[in-house]
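# Commentary on secondary and tertiary structure
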Amino acid sequence: MTQRASDPSGEQRTGLSGRPATIGAGAGSAPVHPAEPPQPPAGRGLTSAEVAERIARGEVNDVPVRSSRSLTEIARANVFTRFNLIIGVLWVIMLFVAPIQDSLFGFVIIANTGIGIVQEWRAKKTLDSLAVIGEAKPVVRRDGVAAGIPTSAIVLGDLVELGPGDKVVVDGTVVEADGLEIDESLLTGEADPVVKRTGDTVMSGSFVVAGGGAFTATKVGREAYAAQLAEEASRFTLVRSELRSGISTILKYVTWMMVPTATGLVISQLVVKDNNLKDSVARTVGGIVPMIPEGLVLLTSVAFAIGVVRLGRKQCLVQELPAIEGLARVDVVCLDKTGTLTEGGMDVTGLRALNGADEPYLRRVLGAFGASEPRPNASLQAIIDAYPAPGDDGWRTTGTLPFSSARKYSGAAFDEGGGASSAWLLGAPDVLLAEDDPVLTEAGHLNEQGLRVLLLARARGGPAGLDAAEGAEPAALVVLEQRLRPDAGRTLAYFGEQRVATKVISGDNAVSVGAVAAKLGMEGAEHPVDARRLPEDRDEMATAMEQNAVFGRVTPQQKREMVAALQSRGHTVAMTGDGVNDVLALKDADIGVSMGSGSEATRAVAQIVLLNNSFATLPSVVAEGRRVIGNITRVATLFLTKTVYSVLLAVLVVCFQVEYPFLPRHLTLLSTLTIGVPAFFLALAPNKERAHPYFVRRVMRYAVPSGVIAAAATFTTYLIARHHYTGTGALDAETSAATLTLFLVSMWVLAIIARPYTWWRICLVATMGLAFLVVLVVPWLQDFFALKLVGTRMPWTAAGIAVVAAVALEYAWRLVSRRFAG
């Protein structure tokens, strides 16, 4: 039975204190005291004038809750980078000492930075608009009327109402308590809910698991330290992903390689070789600039940002950007049945009286039971719809026991008028009855049909016995039918095809859950497991989790333990849910996914919120993550290949004491045609390949041999050309021959990375090759890029060396692929 909070968005309702207050039980064992006489309301809340005064004094809950970085932060993060600083300095130098075509790399960096800012700004606007749509509105009582308002509009002294699933958004003191149980585990680590009574304090970041009440806000804004912690913990972030940390590691290594290599190159070109100063500076810069994989970070940010925009169009709020990547790495998805496989609403399909009970009387009991709960869950709401409370017939609620996921039942006591009274329990038959009770057989048959069954039982001992199921007398079975989500079956099939295991873990009866899962075609649904019989040992529990797919009668704490057990076996676990009983598991899972209609607490801890409440959106998130990871791995190999061959060429130039073969314009042209333009298209292309771990290792396995082969082939051509050409213009001819070899080898690397081929990938590679050919044959482009092939022997030699290098590349890539398969 998943606890669901009613949606308070703008609806007005009366205060909780208009009904008798009771002292609720803890997680199933605390005593329930008889209800005291009705207490006067704790207050009508602040008046409009008092609210205005507090706003004027600045006593407002103004802690900024942001879903993304500000525009200033976005610009700063894209502009002020280590490599932009290096390239910026080199660009300024080149503007003074060389023609404009040798300074093109600076304009490319400006364009790249601008693209990064624009794309991330688009993603920010998408996130912020979705965050407003999905924002929960706490219910605040003002002028005696309760209504939902934005969290930031709460002022000091406001009277904030609480119900099951609500998150405590500011610190305060309880003034009304009706079986109020609050989970503070996210703040204190204490797993058991805490019973709150009038005068107790509540802290922001905790959430209600049972009962209801109200509290007065005593600390708002930045004074509420716990609120700051909660805001900081749930803030959108661009860090903590394997991709980003891997790229940071790569950039760190690149910096270490670049500093000594660039220093040696500077000394070699300016001191050892007695060349023209400006030409030496230009060739030195030409050797340093390509060492920097400046576009790699940009493309990663763009790929993530475009993923956010794409998912935003599908009403999917990504509260933490790496969650897109994380869900793509998931190999186990744990599902809560209610709200995920089934829709939130239910329908009562039958009432089966037991032990000769009078059905009209039972209908009256159920009607009164529904009226006793101001915030009914999905099951009780179905009962309210089927059995509305009669008018003023003399029945009065004298005691209540709110539903909790740990107990799996609720209770209510009534004064029926005329001196008659009764106390009732409503909940799971297999919890309220002994294992050998014959009623369980009938309930079991109904569960096998996928129906949900609740037992209405008379509590032993009147109101004082509401806390104990023992001795309860069964009176009726309430049969409910759950509404299956029409898209749930297709989504389960998708995960099966993608080799992602799905586990249904629910608080409902195991047989009933298995029947629902079977209707959706879920593999393993025919062997449901009652979680009460699961071993407590983590390793044994992990084995049971891996061998089975459907689990029923799972407590909130067990859900958390199940996630931990799977993680202990090396699984990457995603948890979906919408109820307050899912919060702990959502928080501990690698990726938490909440439904938009779920409780405020679940939305607060989840990394992904499905605002359209559609489980079928998850495949889109997985696809986006796989696209990002697979494509960034591809383009990172391109960028790192360039870095490797640039460093090696610089080292070879220093060792052989020769002029650096390239000017900046040459490498700008090569980088644009073989890396920049193709990488942009490849980074945004569809990619369904399953995500693999060890990003840095996978990239370097291919980039290092590719870079070594490219550098060796290029330098070989350069040395041969130095012996072939003599006289005026020899260096330009040598450079042109070396450029041809490097371009052809780089194009072959691009052709390998572009596999498997599609029509547009073939067109992309062919277009880049054609563009280079145009440069070689158009006279003014020859002059602009200082590229002119002289004679026929050396150009054909350069092409032949490139062919040999291509063969070596194919062999190296196949060797690496076989050795490190997967």
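Residues numbered from 1 in each chain as written. Predicted model: local features only at pLDDT ≥ 70, side-chain atom pairs only at ≥ 80, totals over all residues. Heavy atoms only, no water.

### A short note on the overall build of the protein
Secondary structure summary: the protein contains 27 helices and 21 strands in total. Each of the 822 residues in the protein was classed as buried or not, and the buried ones make up 58%. Across the protein, the fraction of contacts at a sequence separation of at least 24, relative to all contacts at a separation of at least 6, is 75%. (Helix = DSSP H or I, 4+ residues; strand = E, 2+ residues; numbered from the N terminus. Buried < 20%, exposed > 50% of the residue type's maximum accessible area, 1.4 Å probe, protein only. Contact = heavy atoms within 4.5 Å.)

### Remarks on the packing of helix 17 (residues 538-547) against helix 18 (residues 556-568)
Where helix 17 contacts helix 18, the two axes come as close as 8 Å, and the packing angle between them is 90°. Between helix 17 and helix 18, the angle is such that the two are roughly perpendicular. The residues of helix 18 that touch helix 17, namely those facing Arg538, Met541, Ala542, Met545 and Glu546, are Glu561, Met562, Ala564, Ala565, Leu566 and Ser568. Looking at the contact of helix 17 with helix 18 residue by residue, the classes come out as seven nonpolar, one polar and three charged. (Axes fitted to C-alpha atoms, helices over the stretch in contact; angles between N-to-C directions. Parallel < 35°, antiparallel > 145°, perpendicular 65-115°, else oblique. Nonpolar A, V, L, I, M, F, W, Y, C, P; charged D, E, K, R; others polar.)

### Regarding a nonpolar patch on the surface
Residues Val92, Leu95, Phe96, Ile100, Phe107 and Ile110 make up a contiguous nonpolar surface patch of about 600 Å² in total accessible area. Residue assignment for the nonpolar patch shows that the elements contributing at least two residues are helix 3 (82-97) and helix 4 (104-134). Ranked by the residues each element gives to the nonpolar patch, the list is headed by helix 3, at three residues. With respect to the helices and strands, the residue Phe107 is situated in helix 4. Given the relative accessible area of 39%, Phe107 is considered partly exposed. (Patch = residues over 30% accessible without salt bridge, like charges linked within 9 Å, V, L, I, M, F, W, Y side chains within 5 Å. Areas by Shrake-Rupley, 256 points an atom, 1.4 Å probe, with all protein chains shown as cover. Salt bridge = Lys/Arg side-chain N within 4 Å of Asp/Glu carboxyl O.)

### Some points on the packing of helix 24 (residues 730-753) against helix 25 (residues 759-777)
What describes two packed helices is the angle between their axes and the distance between those same axes. Across the interface, helix 24 lies against helix 25 with an axial gap of 10 Å and an inter-helix angle of 170°. In terms of axis orientation, helix 24 runs roughly antiparallel to helix 25. Note on element contacts: helix 25 touches helix 24 through Val765, Met768, Gly769 and Phe772, opposite Thr739, Leu740, Phe743, Met747, Leu750 and Ala751. Tallied by class, residues from the contact of helix 24 with helix 25 come to eight nonpolar, two polar and no charged.

### Focus on the packing of aromatic side chains
Each pair of aromatic rings is reported with the distance of its centres and the angle of its planes. Taken as a whole, this structure holds 13 aromatic pairs when the rule is applied. Judged by centre distance (5.7 Å) and plane angle (50°), the rings of Trp395 and Phe414 are tilted. Taken together, the residues Trp395 in the loop between helix 12 (378-386) and strand 11 (396-401) and Phe414 in strand 12 (residues 409-417) connect sequence positions 19 residues apart. The buried category is assigned to Phe414, whose relative accessible area is 1%. Put simply, the rings of Tyr361, Trp395, Phe414 and Trp424 touch in pairs and so form one group of aromatic residues. (Phe/Tyr/Trp six-rings, centres within 6.5 Å; stacked < 30°, edge-to-face > 60°.)

### Side note on helix 15 (residues 488-497)
Along helix 15, the residues classified as buried are Ala488, Gly489, Thr491, Leu492, Tyr494 and Phe495. Packed against the buried residues of helix 15 are strand 9 (332-335), strand 16 (501-505) and helix 21 (618-656). Where helix 15 terminates, the next one or two residues include Arg499, which has phi positive at roughly 60°.

### So, the sheet that holds strand 19 (residues 573-577)
By definition, the strands of a sheet pair up through backbone hydrogen bonds, in either a parallel or an antiparallel sense. The strand order across the open sheet built from eight strands is 8-21-20-19-9-16-18-17, with neighbouring strands paired in mixed fashion. On the outer flanks of this sheet lie strand 8 (316-318) and strand 17 (529-530), each paired with one strand and no other. Sheet topology places strand 9 next to strand 16; four bridges connect them, and they run parallel. Paired with Val332 across the two strands is Ala501, which belongs to strand 16. The strands touched by helix 18 are strand 9, strand 16, strand 18 (550-552) and strand 19; relative to strand 19, the strand with the most contacts, the crossing angle is about 160°. (Pairing = 2+ DSSP bridges.)

### Notes on the pairing of strand 4 (residues 171-183)
Two faces, one strand: in a regular strand the side chains alternate between the faces of the sheet. By the criterion of burial, strand 4 is predominantly enclosed, with eleven of the 13 residues buried. Here ten bridges tie strand 4 to strand 7 (residues 207-219), and the two strands are oriented antiparallel to one another. Bridge assignment links Asp178 to a residue of strand 7, and that residue is Gly212. Pairing of strand 4 with strand 6 (residues 201-202) involves two bridges; the strand directions are antiparallel.

### Quick word on the pairing of strand 16
Counting buried residues along strand 16, four of its five residues qualify, which places the element largely inside the surrounding structure. Two strands pair when backbone bridges link them, and strand 16 and strand 18 are joined in this way by two bridges, in the parallel orientation. Along strand 18, the bridge assignment pairs Ile505 with Phe551.

### Some details on unusual backbone geometry
Here Arg755 and Pro756 are connected by a cis peptide whose omega angle stands at -5°. Position of Pro756 relative to the elements: it lies in the loop between helix 24 and helix 25. With phi around 55°, Asn355 is a residue other than glycine that occupies positive phi space. The exposed category is assigned to Asn355, whose relative accessible area is 64%.

### A closer look at the pattern of salt bridges
Counted according to the given criterion, the structure contains 25 salt bridges. For Arg141, the salt bridge is made with Glu176, and the minimal N-O distance between the two is 3.0 Å. Here Glu176 lies in strand 4 and Arg141 lies in strand 1 (residues 139-142), a separation of 35 residues in the sequence. Given the relative accessible area of 3%, Arg141 is considered buried. With a closest N to O distance of 3.6 Å, Arg396 and Asp415 form a salt bridge. Here the residue Arg396 occupies a position in strand 11, and Asp415 occupies one in strand 12, the gap between them amounting to 19 residues. By relative accessible area, which is 43% here, Arg396 ends up partly exposed. The structure contains a network of salt bridges with shared partners spanning Asp430, Asp530, Arg532, Arg533 and Arg553.

### Some points on the environment of Arg310
For Arg310, the position within the fold is in helix 9 (residues 294-312). A sequence separation of 310 residues divides Arg310 from Ser620, and the C-alpha atoms of the two residues are 9.1 Å apart. For Arg310, the contacting residues outside a window of four places in its chain are Glu624, Arg627 and Leu684.

### Brief notes about the confidence of the model for the protein
Taken residue by residue, the protein gives an average pLDDT of 81. The fraction at 70 or more is 87%. By mean pLDDT, helix 6 (residues 225-234) is the weakest element of the protein at 47, and helix 25 is the strongest at 94. Scored below 50 in pLDDT, residues 1-41 makes 119 contacts in the model with residues more than four places away or belonging to other chains. Scored below 50 in pLDDT, residues 230-239 shows 30 contacts in the model against residues more than four places distant or in partner chains. (pLDDT = per-residue confidence, 0-100.)

### Section: the side chain of Thr113
Residue position: Thr113 is located in helix 4. Every residue in contact with Thr113, bar those within four places of it in the chain, is listed here: Asn78, Val79 and Asn84.

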